[in-house]
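Working through the structure, step by step
Below are the chains, spelled out letter by letter.
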Amino acid sequence: MSLGPSMVDPSDDDVGRWGTFSTGWLRVLEALVRRRCSFVVSGGTGSGKTTLLGAMLGEVDVRERLVIVEDVRELVIAHPHVVRLQARPANVEGRGEIGLTSLVRQSLRMRPDRLVVGEVRGAEVREMLAALNTGHEGGCSTLHANTSADVVARFEALGALAGLAPTAVHSQLLSAVQVVVHVRRSSGRRFVDTVALLARGRDGRPEVKPALTRRDQSGTVVGEAWPTLAQLLGLDAAVVT
């Protein structure tokens, strides 16, 4: 089985067998979905963000309603209760455009149990953060970022496109997103590199605090945020390998 396009995105077990993460990390990702934490999957182009997000969404309880907003349809999820909204470009006369900002706003009228933005990359970040701050637990998205530490700066840049000051982005982000899952591609392989907690730093700004980091030869490095994340996910804080 390859990581190429398919009719249905792979399951978490499939992705785990490809070496994307270990069994211990699989329990963390499953708990992240089960506990309805809000999260972003970050990574560079071609790193496997969409594949991983699709696999994680396949673990959502079948009784929950997923509303998925995408610019281009990429997520194909093995779940029985999915509503899709897709952006539409303007016609040759320059009319009829429906952008992601409008779709995210309209999605809230569809009673989503989970709001999913396939990729946040523009002014729609304002509506997404607002939605996740109004009781829509378990929301998620993908985001282009070179490292997990770059996630806050990326949100600041996207917020600027929506006319939000950095302080407004910080306050919204801290209460909207709880976890960052960063994926990386190296030597032709895609893998989960970091699972981190997004929390308030000493200066009051959001800070991405690594909980688990993959080290190529020596397994998992456990960070200072792991005990807090383990408690959030209802997991034993024993070392994850």
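To be clear, the structure that these remarks concern was listed above.
Presented here is an overview of the structure given in this document. (Residues numbered from 1 in each chain as written. Predicted model: local features only at pLDDT ≥ 70, side-chain atom pairs only at ≥ 80, totals over all residues. Heavy atoms only, no water.)

So, on to the overall build of the chain. Across its full length, the chain carries eight helices and nine strands. Taking all contacts inside the chain whose residues are at least 6 apart in sequence as the whole, residues at least 24 apart take part in 57%. Just so you have it, the chain exposes about 11600 Å², and 48% of that area is on carbon and sulfur atoms. (Helix = DSSP H or I, 4+ residues; strand = E, 2+ residues; numbered from the N terminus. Contact = heavy atoms within 4.5 Å. Areas by Shrake-Rupley, 256 points an atom, 1.4 Å probe, with all protein chains shown as cover.)

For the rest of this paragraph, the subject is helix α4 (residues 100–107). Taken together, the buried positions of α4 are Leu100, Leu103, Val104 and Ser107. Projected down its long axis, α4 shows its buried positions confined to an angular sector of 100 degrees, all on one face. Looking at the buried residues of α4, the elements they touch are β2 (66–70), β3 (82–86), β4 (114–117) and α5 (124–132). (Buried < 20%, exposed > 50% of the residue type's maximum accessible area, 1.4 Å probe, protein only. Arc of directions from axis to C-beta.)

Another point: the pattern of salt bridges. Throughout the structure, instances matching the rule amount to 10 salt bridges. The partner of Glu64 in a salt bridge is Arg36, with the nearest N and O atoms 2.7 Å apart. Residue Glu64 is located in the loop between α3 (49–57) and β2, and its partner Arg36 is located in the loop between α2 (23–34) and β1 (39–43); the two are separated by 28 residues in the primary sequence. By relative accessible area, Glu64 is classed as buried at 12%. A relative accessible area of 23% places Arg36 in the partly exposed class. In this structure, Glu156 and Arg205 form a salt bridge, with 2.7 Å as the shortest nitrogen-oxygen distance. Taken together, the residues Glu156 in helix α6 (residues 151–161) and Arg205 in the loop between β7 (189–200) and β8 (206–215) connect sequence positions 49 residues apart. Taking relative accessible area as the criterion, Arg205 reaches 33% and is therefore assigned partly exposed. The structure contains a network of salt bridges with shared partners spanning Arg36, Glu64, Arg114 and Glu137. (Salt bridge = Lys/Arg side-chain N within 4 Å of Asp/Glu carboxyl O.)

Looking now at the side chain of Glu70. Tracing the sequence through the fold places Glu70 in strand β2. At a separation of 3.0 Å, a polar atom in the side chain of Glu70 contacts the main-chain amide nitrogen of Leu75. If sequence neighbours within four positions are ignored, Glu70 has contacts with Leu75, Arg84, Leu85, Gln86, Ala87, Leu100 and Gly118. (Polar contact = N/O pair within 3.5 Å; in protein donor to acceptor, adjacent residues only side chain to side chain.)

Another aspect to go through is the pairing of β7. With nine of 12 residues buried, β7 lies mostly within the body of the structure. Sheet analysis places strand β6 (residues 179–186) next to β7, joined by eight bridges and oriented antiparallel. Within β7, the residue paired with Arg184 across the bridge is Phe191. Taking the residues between adjacent antiparallel strands as the criterion, β6 and β7 are bridged by two residues, where Ser187 takes a positive phi near 55 degrees. Across seven bridges, the pairing between β7 and β8 is antiparallel. (Pairing = 2+ DSSP bridges.)

So, about the sheet that holds β7. Spatially, nine strands are ordered β3-β2-β4-β5-β1-β6-β7-β8-β9 in an open sheet, and the strand pairing comes out mixed. What marks the edges here is a single partner per strand, and that holds for β3 and β9 (219–222). Sheet twist, expressed as the average angle between the axes of neighbouring strands with direction ignored, equals 25 degrees. Across four bridges, β1 lies against β6 in parallel orientation. For Val40, the partnering residue across the bridge sits in β6 and is Val180. Packing against the sheet, α2 makes contact with β1, β4, β6, β7, β8 and β9, and its axis sits at approximately 50 degrees to β7. (Axes fitted to C-alpha atoms, helices over the stretch in contact; angles between N-to-C directions.)

What follows concerns α6. What α6 keeps buried is the set Val151, Val152, Phe155, Leu158 and Gly159. On an axial view of α6, the arc spanned by its buried residues comes to 125 degrees, and they lie on one face. Those residues of α6 that are exposed and angled more than 90 degrees off the buried face are Ala160 and Leu161. In this structure, the buried residues of α6 make contact with β1, α5, β5 (140–144), α7 (166–176), β6 and β8. The positive-phi residue at the C-terminal boundary of α6 is Gly163, with phi of around 80 degrees.

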